[in-house]
Amino acid sequence: MIGKAMQAAINEQINKEFYSSYLYLSMAAYFEDKNLMGFGHWMRLQADEEREHAMKFYNFILDAGGQVKLQAIDAPATEWKSNLEVAEQVAEHEAKVTASIHNLYETALKEKDYAAQVMLQWFINEQVEEEKNATELVAKLRLIEERGTAVLMLDHRLSKRSGEAEGEEEE
Ligand SMILES: [Fe+2]
Ligand SMILES: [Fe+2]
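About the criteria used
Residues numbered from 1 in each chain as written. Chains lettered and ligands numbered in written order. Predicted model: local features only at pLDDT ≥ 70, side-chain atom pairs only at ≥ 80, totals over all residues. Heavy atoms only, no water. Donors = N, O, S within 2.8 Å, 3.2 Å for Na, K, Ca; no water. Helix = DSSP H or I, 4+ residues; strand = E, 2+ residues; numbered from the N terminus. Buried < 20%, exposed > 50% of the residue type's maximum accessible area, 1.4 Å probe, protein only. Contact = heavy atoms within 4.5 Å. pLDDT = per-residue confidence, 0-100.

**Q** Which residues make up the coordination of the iron ion (ligand 1), and what are the values?
**A** Ideal geometry at a metal centre: 109.5 degrees between donors when four sit tetrahedrally, and 90 or 180 degrees when six sit octahedrally. For the iron ion (ligand 1), the full set of protein donor atoms is Glu17 (OE), Glu50 (OE) and His53 (ND1), and the range of their distances to it is 2.1 Å. All donors to the iron ion (ligand 1) come from one chain, and their sequence spacing reads E-x32-E-x2-H.

**Q** Go over the coordination of the iron ion (ligand 2), please, and point to the residues and values.
**A** Looking at the iron ion (ligand 2), one finds its protein donor set to be Glu50 (OE), Glu94 (OE), Glu94 (OE) and Glu130 (OE), positioned 1.9 to 2.6 Å from the metal centre. The iron ion (ligand 1) is placed at 3.4 Å from the iron ion (ligand 2), the two being bridged by Glu50. Of this pair, Glu94 sits in helix H3 (residues 83–110) while Glu130 sits in helix H4 (residues 114–144), and the two are 36 residues apart along the sequence. Judged by relative accessible area, Glu130 falls into the buried class, the value being 3%.

**Q** Talk me through the environment of Gln89; I want residue IDs and the actual numbers.
**A** Its place among the elements puts Gln89 in helix H3. We classify Gln89 as partly exposed; its relative accessible area is 27%. For the pair Gln89 and Val138, spaced 49 residues apart in the sequence, the C-alpha separation amounts to 9.3 Å. Beyond its immediate sequence surroundings of up to four residues, Gln89 is in contact with Met27 and Trp80.

**Q** So, the confidence of the model for the chain: which residues are in play, and what are the values?
**A** Regions with low pLDDT should not have their predicted coordinates read in detail. For the chain, the mean per-residue pLDDT works out to 94, and 95% of the residues sit at or above 70. Scored below 50 in pLDDT, residues 166–171 shows 12 contacts in the model against residues more than four places distant or in partner chains.

**Q** Describe in detail the environment of Ser20, supporting the description with residues and values.
**A** Checked against the element boundaries, Ser20 lands in helix H1 (residues 4–33). In this structure the C-alpha to C-alpha distance between Ser20 and Ala54, which are 34 residues apart in sequence, comes to 9.5 Å. When residues no more than four places from it in sequence are discounted, the contact partners of Ser20 are Glu50, His93 and Val97.

The following block contains the structure:
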């Protein structure tokens, strides 16, 4: 049976994951409105992944005999100044999520919740991947600035992202 502190912390994380999904969905709409369908595709998949993260936590609480308490999701931004600004916000956001996953792990250690520790190890690894993808996108956008041809080439590349969480094809 999951403890009260762990349950409250995971319920908060569920909200953060749904907010991430919402934020990335908003970013997808921003890109697709600019006809950057590859960027939009990449963001839609990112949004799907965040929903999956939320559901992993959701299932964990239920499996551990706890109570899922969904909270209101904040409205995400809808406008950005540039493609680069979007990517920078993804990177900043993922860094914040990593910190909150690490805090959850601290709670799991303090509460001696071993099942939560094992579950959270998956998320710790996942965040390494998430931060890497985001910083890579920032670096590429900085390199090409807003040069049209280069943006379109990157758009094409991002359109090839597969839906599989494992072994993502980025070529
Ligand atoms: Fe996530
Ligand atoms: Fe993420």
